[in-house]
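Fold and contact review
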Amino acid sequence: MIGCVGQCYAGKSVYENGLLVIGFEGVQAAAGVIRDVGTMPLAGIERLMGDVQAVKAGNENTVCVDFTTGNDAQLVTTFNIALKEKKIPLVGGTAWEDTVACDGRVYHNACVYLLLKNQEGKIRTYKENLYVAHPGSLRYVASKVDTDKAALYELDGKPVQKVYAETIGYSGSDLAGQTFKYPFGRIIGDDVYLLSIKEAIGKEGFACYKKVNFMDIITIMELKDIDGIVKETLQKIKSDLPQVKGVFTINCLFRHLLFQQEKYEDTYLGNMETAGAHAGLIGLGEHYKTQHVNQTMSGFAFD
């Protein structure tokens, strides 16, 4: 058993208070904790590797789910050192407070994880992005950053606030608040991982919810057809697993707020139920395989 502090959903309801318990049957499982996650997550890797061996994990039928209190980027790297040999995918998220639990004990400055092996079928993982590159955006190079503060100051040598405002055509006072519709995208290979703006820093920079590294390739994204993209994800799940029984997802808080703003949340939960039982966590950040992301759905389905 693992758990964390946050909001959640199951079926057609969102639970902003109280306790939600989600159970899985027909599985082999192992739960564990990585302590001192803010400073030394690598110290917990031996226990994790032992649990991978104990469940006889395989890439076709196993997933690792994690809830952490922070230090997401280093944590995801730690997980993948232990998971890469068996090609086990990671799906996880960030708790709302410095509190997680594992097998009846509460931990702080920690990450808890659950290895789930489907003994009766397969497991498939999914990442859903509601955005595409803004037509006016280029592939910029992050030329001035502060990784300790997750701050981005310049793109291609120009103040990031100026580049952002000109691209999206915004002249108001709440520039950082436009991240719901226009987040940043960090380009890695052929994929794009979303990066949310937290707040403005002076008149030039942004503090972000994910670290930006010097020389990262960044683009500005634009919200597209929410319902169409969700239905594409569901079609993919049903195609991959024709006998799908259920789906577990972690949805970013910003997606939750966007769905409320667009009066889409009830429709979203109704759509997801067409793939079987559906439940999950509203996270403050998401993990998907090798990456820490923002404004994203990370999840898995099983048959």
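The model shown is predicted, which means the values in this text are computed figures rather than measured ones.

Thresholds, definitions, all that
Residues numbered from 1 in each chain as written. Predicted model: local features only at pLDDT ≥ 70, side-chain atom pairs only at ≥ 80, totals over all residues. Heavy atoms only, no water. Salt bridge = Lys/Arg side-chain N within 4 Å of Asp/Glu carboxyl O. Helix = DSSP H or I, 4+ residues; strand = E, 2+ residues; numbered from the N terminus. Buried < 20%, exposed > 50% of the residue type's maximum accessible area, 1.4 Å probe, protein only. Pairing = 2+ DSSP bridges. Axes fitted to C-alpha atoms, helices over the stretch in contact; angles between N-to-C directions. 1 Å grid on protein atoms, 1.4 Å probe; cavity = no way out; pocket = protein on both sides within 12 Å on 5 of 7 lines; lining within 4 Å. Points joined across faces, edges and corners; volume = space filled by probe spheres on them. Nonpolar A, V, L, I, M, F, W, Y, C, P; charged D, E, K, R; others polar.

**Considerations on the pattern of salt bridges**
A complete count under the given rule lists eight salt bridges for this structure. Salt-bridge contacts for Arg-124 lead to Glu-60; the nearest nitrogen and oxygen are separated by 2.9 Å. One end of the pair, Arg-124, is in strand β10 (residues 123–128); the other, Glu-60, is in the loop between α1 (45–54) and β5 (62–68), with 64 residues separating them in the sequence. With relative accessibility at 22%, the residue Arg-124 sits in the partly exposed group. In this structure, the salt-bridge partner of Glu-128 is Arg-255, at a minimum N-O distance of 2.7 Å. In this pair, Glu-128 sits in strand β10 while Arg-255 sits in helix α5 (residues 253–261), placing the two residues 127 residues apart along the sequence. Exposure remark for Arg-255: the relative accessible area of 1% places this residue in the buried category.

**Observations regarding the pairing of strand β19 (residues 217–223)**
Burial runs high along β19: six of the seven residues are buried. Bridge count for strand β11 (residues 131–133) against β19 is three bridges, and the pairing is antiparallel. Pairing of Ala-133 across the sheet is with Met-221, part of β19. Note: strand β12 (residues 140–146) against β19, two bridges, orientation antiparallel. What sits directly across from Val-141, in β19, is Ile-217. In terms of strand pairing, strand β15 (residues 184–188) meets β19 through three bridges, oriented antiparallel. The residue of β19 that forms the bridge with Phe-184 is Ile-220.

**Overview of the sheet that holds strand β8 (residues 105–107)**
Judged by pairing direction, the sheet is antiparallel, and its three strands sit side by side in the order β1-β7-β8 without closing on themselves. Here the strands that pair on one side only, and so sit at the sheet edges, are β1 (2–4) and β8. The mean inter-strand angle of the sheet, taken between neighbouring strand axes irrespective of direction, is 25°. As defined by bridge partners, strand β7 (residues 100–102) adjoins β8 across three bridges and the pair is classed as antiparallel.

**Thoughts on the pairing of β12**
With four bridges connecting them, β12 and strand β13 (residues 151–155) associate as antiparallel partners. Within β13, the residue paired with Asp-146 across the bridge is Ala-151. Count of turn residues in the β12/β13 antiparallel hairpin: four residues, of which Ala-150 carries a positive phi of about 50°.

**Looking at empty space enclosed by the protein**
Taken as a whole and assessed by the stated rule, the structure comprises one cavity of 30 Å³ or more. Taken as a whole, the largest cavity holds about 60 Å³ of empty space. Along the walls of the largest cavity sit Tyr-9, Val-14, Asn-251, His-256, Phe-259, Glu-265, Tyr-268, Leu-269 and Ile-282, which together make up its complete lining. Every element with two or more residues in the lining of the largest cavity is listed here: α5 and α6 (265–272). Looking at which element gives the most residues to the lining of the largest cavity, the answer is α6, with three residues. For the lining of the largest cavity, the class distribution of residues is six nonpolar, two polar and one charged.

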